[in-house]
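A closer look at the structure
Residue strings, one per chain:
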Amino acid sequence: MRDDTWKPRANAAMDRYAEGDDAAFSELYALLAPRLQAFLWRRTRNTARAEELVHDTFLRMHANRRHFARGAEVMPWAFAIARRLLIDDHRKSSHEPPDPDQDAGGPWVDAVVAFRRLGRRIMEELERVPEQHREAFALVQIDGLSMAEAAQVLGCTVGAVKLRAHRTYEALRDRLGDEVREELGDVR
């Protein structure tokens with residue numbers, strides 16, 4: 001079960017910020033930055049680069065805050081900005097993600113390695129599905145956005161997000177079997 005109790009506070013903070021209340025920025029940053037950081041880190045596997053992209057996202061939000069539709073959801077808007085910056089970043093660079101098994105340690109080494117191995121297998125299989133399907137699936141299953149929020153980020157309908165995410169889930173289940181169902185649950 002997702003905890004979305006922070007979203008109304010973020011939306012209200014963005015409304016105040018869009019109206020010129022600079023003090024609302026701190027609350028907005030505290031609520032959105034960790035989520036954007038996680039979203040961007042999963043795609044870059046580089047903490048410093050993810051932090052730079054978070055800052056760039058907030059700079060872009062600041063520059064466009066007067067254009068924010070008051071009363072709208074801020075999270076999809078922020079994620080859409082971050083996603084566009086990430087796409088631009090990937091076009092400009094050739095960063096390779098690090099080996100996911102690097103630095104695994106502690107008493108749970110086997111479990112961590114197995115989980116990372118499954119994660120790597122899922123990521124490899126995700127690379128084989130169409131990008132639109134992969135993005136919809138990642139926003140819902142990995143980043144925790146609702147179907148409606150993912151639709152806003154991607155600029156498509158909720159039905160399209162559901163279809164894309166479900167087709168990706170089915171492709172992963174067909175290729176990887178029941179271990180995907182255990183890790184991801186059911187996407188419907």
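Worth saying up front: this structure is predicted, and the values here are computed from it rather than measured.

What counts as what
- Residues numbered from 1 in each chain as written.
- Predicted model: local features only at pLDDT ≥ 70, side-chain atom pairs only at ≥ 80, totals over all residues.
- Heavy atoms only, no water.
- Helix = DSSP H or I, 4+ residues; strand = E, 2+ residues; numbered from the N terminus.
- Expected span 1.5 Å × (residues − 1).
- Bend = angle between axes of the 7 residues up to and from the residue.
- Buried < 20%, exposed > 50% of the residue type's maximum accessible area, 1.4 Å probe, protein only.
- Contact = heavy atoms within 4.5 Å.
- Salt bridge = Lys/Arg side-chain N within 4 Å of Asp/Glu carboxyl O.

1. Brief notes about helix 2 (residues 24-44)
With 21 residues, helix 2 ought to run about 30 Å at 1.5 Å a step, and its terminal C-alpha atoms sit 29 Å apart, in line with that. Helix geometry: helix 2 is bent most strongly at Leu32, by close to 35 degrees, with proline Pro34 lying one to four residues after it. Restricting attention to buried positions, one finds in helix 2 the residues Ala24, Leu28, Leu31, Leu32, Ala33, Leu36, Phe39, Leu40, Arg43 and Thr44. Looking at the buried positions of helix 2, the neighbouring elements they touch are helix 1 (7-18), helix 3 (47-63), helix 4 (74-92) and helix 6 (131-142). Positive phi appears at Arg45, one or two residues downstream of helix 2, with a value of about 55 degrees.

2. Details of the pattern of salt bridges
Within this structure, the stated rule accounts for 15 salt bridges. Taking the shortest distance from any N to any O, the salt bridge between Lys7 and Glu149 comes out at 2.5 Å. In this pair, Lys7 sits in helix 1 while Glu149 sits in helix 7 (residues 147-154), placing the two residues 142 residues apart along the sequence. Here the two residues Lys7 and Glu149 agree in accessibility, since each one is buried. Between Arg83 and Glu135 there is a salt bridge; the shortest N-O distance is 3.1 Å. In this pair, Arg83 is assigned in helix 4 and Glu135 in helix 6, connecting sequence segments 52 residues apart. As far as the burial class goes, Arg83 and Glu135 line up, both buried. A single salt-bridge network, built from bridges that share partners, covers Asp4, Lys7 and Glu149.

3. Notes on unusual backbone geometry
One non-glycine residue, Arg45, adopts positive backbone phi at about 55 degrees. Its place among the elements puts Arg45 in the loop between helix 2 and helix 3. With relative accessibility at 30%, the residue Arg45 sits in the partly exposed group.

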